[in-house]
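# Overview (structure and organization)
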Amino acid sequence: MPTLDDILEHIGEFDRFQKQTFFILCLLSAAFTPVYVGVVFFGFTPEHRCFSPGVAELSQRCGWSPAEQLNHTVPEWGSHGAAYSSRCSRYEVDWNATGVSCTDPLGSLVGNRSSVPLGSCQDGWVYDYPGTSIVTEFNLVCEDSWKLDLFQSSVNAGFFIGSVNIGYIADRFGRKFCLLTTILANVVCGILLVFVPSYLWIVIFRFLQGLVSKGCWTAGYILVTEVVGPQYRRTVGILYQAAFSVGLLVFDAIAYAIPHWRWLQLTVTLPCCFLMLYYWCLPESPRWLISQGKTDKAKKIVNDIAKKNRKKMPSHFEDIKFEDEDSGKQSPSLIDLVRTPQMRKNTFILMYNWFTSSILYQGLIMHMGLMGGNIYLDFLYSALVEFPAAFIIIVTIDRIGRRYPWATANLVAGAACLATALIPEDLHWLKLIAACLGRMGITIAFEMVCFVNTELYPTYIRNLGVMVCSALCDVGGIAVPFIVYRLVEIWHELPLIVFTVLGLIAGGLVLFLPETKGRVLPETVEDIENFHRQSTPKDKKIYLHVQTSEVAND
């Protein structure tokens, strides 16, 4: 008996209906960007120094340039030397005193510069930035710099908690219901973020955004891969993630044009209101409907697909029927993810790869950011590198398969991190090339884990499986700031050594997963357990019941 994939071969695997669904879901993927990487601009920390009363007047009277003002009135930054000004301490002198020299103000006040007492920034900070961020608005620097870490950790904590809960909702109540409710919640939280006056409420609403937004993005990914045929599934999965990369470019341009975080937050949130039109534009997943025993609704959607694609439903495909030994709908359960040996192995390896991909992907961006530079150009470069990564996947995945390119990408990322750590600083160009190779490798690995994850779970727990495994991505997101910013104080390249070890182990573990090239999506746990066999098992499937004209006449 034919499967749903067999029906799609007759009515269109990626025709007008699927292209429309794919396009509108790509808008959702791009809209996820400000939530996932918004901290880059919302929490931007510009160069800053203590505000010292009287310095501005003295600088104006003496006609100092900004560099001269820093040299005369701001202490050095500890062991960093004279080239770096202190961000968290100031000279405890009275700059308003009479007789202050313009050529050596400290000498005229205290005589010996080295004996000038230092104090904390009691009167606030001066920021070298024309715009605003939550850092400049709430002074999240120096002893309060940990609050910026909490701001980002709250999002990842929301991702982590929401991964399982939203995944269950998508598998229990449907992909479309999950998308609409999470989009609405994300829009409400995003708008409230613009108007809340305190840091505490910002963290709370940021957490709530994380609670729903990643689950929304993943549910969209699941839906777009379930409505297309197997020949196009890998392509739409990759391009759905490439839409996120397009969102990175758009977000960078908007942030450049609007350097004030509240206006930026409002600008990227309001267009998401139009995503509520998905109620009329998006179908429910016919695979999910069949897995839940809702065959009449599944049949209607299949007929709509045929009509939209201007294809005629073959006469021998007149009914859809869910045939299973248990003759009832299957409910998703966390225990199913580890109940059998193959499912257990898949789950643990996928969880580790999600964890590693997140740490290396975000960690390399953070580590490169420690070198300073133009934030908008740095963000642009990090976004552009994702497009050739997507191209490499499309070119290799159907010719070679999933497993070997994925393993190679992890190994290249780990080796590139090691090379970056060992290359001396005076060979900056070579160090930059190695870092870009590492970013390229982990970008490929990150896209692969999201894509392959959907192919290694049966339909009725596919969304739950992706959500649970990707929850380790959020654990990595919580841990990576501590790995980068704490270890770099011991040795600047130490985080890269950690990335090397994680990447190499991930590459080795991928080789223990089954190859999914050319396989139909598994429908039952038994399919997963027999995935290592050459032929796809047919003993327990979701079938499309065929009524031929002869049967009807009988």
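This one's a predicted model, so the numbers in the text were calculated from it and none came from an experiment. (Residues numbered from 1 in each chain as written. Predicted model: local features only at pLDDT ≥ 70, side-chain atom pairs only at ≥ 80, totals over all residues. Heavy atoms only, no water.)

Tallying secondary structure elements over the protein chain gives 25 helices and 4 strands in all. A total of 554 residues make up the protein chain; the buried ones form 55% of that total. Looking at the protein chain alone, contacts between residues at least 24 apart form 81% of all its contacts between residues at least 6 apart. When the accessible surface of the protein chain is split by element, carbon and sulfur atoms take 64% of a total near 24000 Å². (Helix = DSSP H or I, 4+ residues; strand = E, 2+ residues; numbered from the N terminus. Buried < 20%, exposed > 50% of the residue type's maximum accessible area, 1.4 Å probe, protein only. Contact = heavy atoms within 4.5 Å. Areas by Shrake-Rupley, 256 points an atom, 1.4 Å probe, with all protein chains shown as cover.)

Next up on the list: the packing of helix 10 (residues 175–195) against helix 13 (residues 261–269). Between helix 10 and helix 13, the least distance of the axes is 8 Å, while the angle of their chain directions is 160°. Relative to helix 13, helix 10 is oriented roughly antiparallel. The handedness of the crossing between helix 10 and helix 13 comes out as left-handed. Note on element contacts: helix 13 touches helix 10 through Trp261, Arg262, Gln265, Leu266 and Thr269, opposite Val187, Gly190, Ile191, Leu193, Val194 and Phe195. Residue composition of the contact of helix 10 with helix 13, by class: 7 nonpolar, 3 polar and 1 charged. (Axes fitted to C-alpha atoms, helices over the stretch in contact; angles between N-to-C directions. Parallel < 35°, antiparallel > 145°, perpendicular 65-115°, else oblique. Left-handed = near helix turned anticlockwise from the far one by under 90°. Nonpolar A, V, L, I, M, F, W, Y, C, P; charged D, E, K, R; others polar.)

This part covers the packing of aromatic side chains. Enumeration over the complete set of coordinates arrives at 21 aromatic pairs. Plain terms: the ring middles of Phe32 and Tyr36 are 5.7 Å apart, the flat faces sit at 35° to each other, and that makes the pair tilted. A relative accessible area of 12% means that Tyr36 is categorised as buried. Taken together, a centroid distance of 5.0 Å and an interplanar angle of 65° make the contact between Phe44 and Tyr129 edge-to-face. Of this pair, Phe44 sits in the loop between helix 4 (39–42) and strand 1 (48–50) while Tyr129 sits in the loop between strand 4 (125–127) and helix 8 (134–138); the two residues are 85 residues apart in sequence, bridging distant segments of the chain. Taken individually, Phe44 and Tyr129 each receive the classification buried, so the pair is uniform in this respect. Through a chain of ring-to-ring contacts, the aromatic side chains of Phe32, Tyr36, Phe159, Trp217, Tyr221, Tyr240 and Phe244 assemble into a single cluster. The aromatic ring of Tyr361 is capped on one face by Arg439, whose charged end is 4.5 Å from the ring centroid. (Phe/Tyr/Trp six-rings, centres within 6.5 Å; stacked < 30°, edge-to-face > 60°. Lys NZ or Arg CZ within 6 Å of the ring centre and 35° of its normal.)

Our next topic: the state of the cysteines. Summed over the entire model, instances satisfying the criterion amount to 3 disulfides. The disulfide partner of Cys62 is Cys102, and the gap between their sulfur atoms is 2.0 Å. Between Cys62 and Cys102, the S-S dihedral sits near -75°, and the bridge is therefore left-handed. Of the two residues, Cys62 is situated in helix 5 (residues 55–62) and Cys102 in the loop between strand 2 (90–91) and helix 7 (105–110); the sequence distance between them amounts to 40 residues. Note on Cys102: relative accessible area 27%, which makes it partly exposed. At a sulfur-sulfur separation of 2.0 Å, the disulfide partner of Cys88 is Cys142. The sign of the -100° torsion about the S-S bond sets the Cys88-Cys142 disulfide as left-handed. (Disulfide = S-S within 2.5 Å.)

As a further point, take helix 9 (residues 146–173). For helix 9, which comprises 28 residues, the first-to-last C-alpha distance of 39 Å matches the rise-based estimate of 40 Å (1.5 Å per residue) to within 8%. Gly162 marks where helix 9 bends most, by close to 40°. Positioned one or two residues after helix 9, Gly174 has a phi angle of 110°, which is positive. (Expected span 1.5 Å × (residues − 1). Bend = angle between axes of the 7 residues up to and from the residue.)

Attention shifts here to the side chain of Ser285. As for its placement among the helices and strands, Ser285 is situated in the loop between helix 14 (278–281) and helix 15 (286–291). You can call Ser285 buried: its relative accessible area is 0%. Polar side-chain contacts of Ser285 include one of 2.5 Å to the side chain of Glu226. Each residue touching Ser285, except ones within four places of it in the same chain, is listed here: Arg175, Leu223 and Glu226. (Polar contact = N/O pair within 3.5 Å; in protein donor to acceptor, adjacent residues only side chain to side chain.)

Judged by side-chain polarity, Leu427, Trp429, Leu430, Ile433 and Leu437 come together as a nonpolar surface patch covering roughly 470 Å² of accessible area. In this structure, Ile433 sits in helix 21 (residues 428–455). (Patch = residues over 30% accessible without salt bridge, like charges linked within 9 Å, V, L, I, M, F, W, Y side chains within 5 Å. Salt bridge = Lys/Arg side-chain N within 4 Å of Asp/Glu carboxyl O.)

Leu25, Leu28, Tyr36, Tyr278, Trp406 and Phe499 are the most contacted members of the largest nonpolar core, which has 123 residues in total. Top contributing element to this core by residue count: helix 17 (residues 341–369), with 12 residues. Not counting chain neighbours up to four residues away, the residues in contact with Leu28 comprise Leu179, Ile183, Cys216, Trp217, Gly220, Tyr240, Leu275 and Tyr278. By size, the runner-up hydrophobic cluster in this structure holds 13 residues, among which are Leu8, Ile11, Phe17 and Ile305. (Core = buried A, V, L, I, M, F, W, Y, C linked by side-chain atoms within 4.5 Å.)

Bringing the environment of Cys102 into the picture now. In sequence terms Cys102 and Leu58 are 44 residues apart; their C-alpha atoms lie 8.0 Å from each other. Not counting chain neighbours up to four residues away, the residues in contact with Cys102 comprise Arg61, Cys62, Trp64 and His72.

Let's shift gears to the environment of Arg287. Summarising the element assignment, Arg287 is placed in helix 15. Classification of Arg287 as buried rests on a relative accessible area of 2%. Remark: the alpha-carbon pair of Arg287 and Asp5, spanning 282 residues in sequence, is separated by 9.8 Å.

Moving on to helix 6 (residues 66–73). Regarding helix 6, the residues found buried are Gln69, His72 and Thr73. Buried residues along helix 6 cover an arc of 75° about the axis, so they all sit on one side. Against the buried residues of helix 6 lie strand 1, helix 5, strand 2 and helix 7. (Arc of directions from axis to C-beta.)

Confidence in the prediction for the protein chain averages 81 pLDDT; 88% of positions are at 70 or higher. At the low end of the mean pLDDT range in the protein chain sits helix 25 (residues 549–553), at 41; at the high end sits helix 13, at 95. When the criterion is pLDDT under 50, residues 79–83 qualifies, and its contacts beyond four places in sequence or with other chains add up to 2 contacts. Within the model, pLDDT remains below 50 along residues 322–328, and this stretch shows 14 contacts once partners closer than five positions in the same chain are excluded. (pLDDT = per-residue confidence, 0-100.)

Right, let's get into unusual backbone geometry. With phi around 55°, Asn139 is a residue other than glycine that occupies positive phi space. Structurally, the position occupied by Asn139 is in the loop between helix 8 and helix 9. At Arg310, a position not held by glycine, the phi torsion is positive, near 60°. Looking at the secondary structure, you find Arg310 in the loop between helix 16 (295–308) and helix 17.

With that out of the way, let us pick up the pattern of salt bridges. Considering all chains together, one arrives at 11 salt bridges under this definition. Taking the shortest distance from any N to any O, the salt bridge between Glu226 and Arg175 comes out at 2.9 Å. Taken together, the residues Glu226 in helix 11 (residues 199–226) and Arg175 in helix 10 connect sequence positions 51 residues apart. With a relative accessible area of 0%, Glu226 lands in the buried category. Residue class for Arg175 comes out buried when judged on its relative accessible area of 0%.

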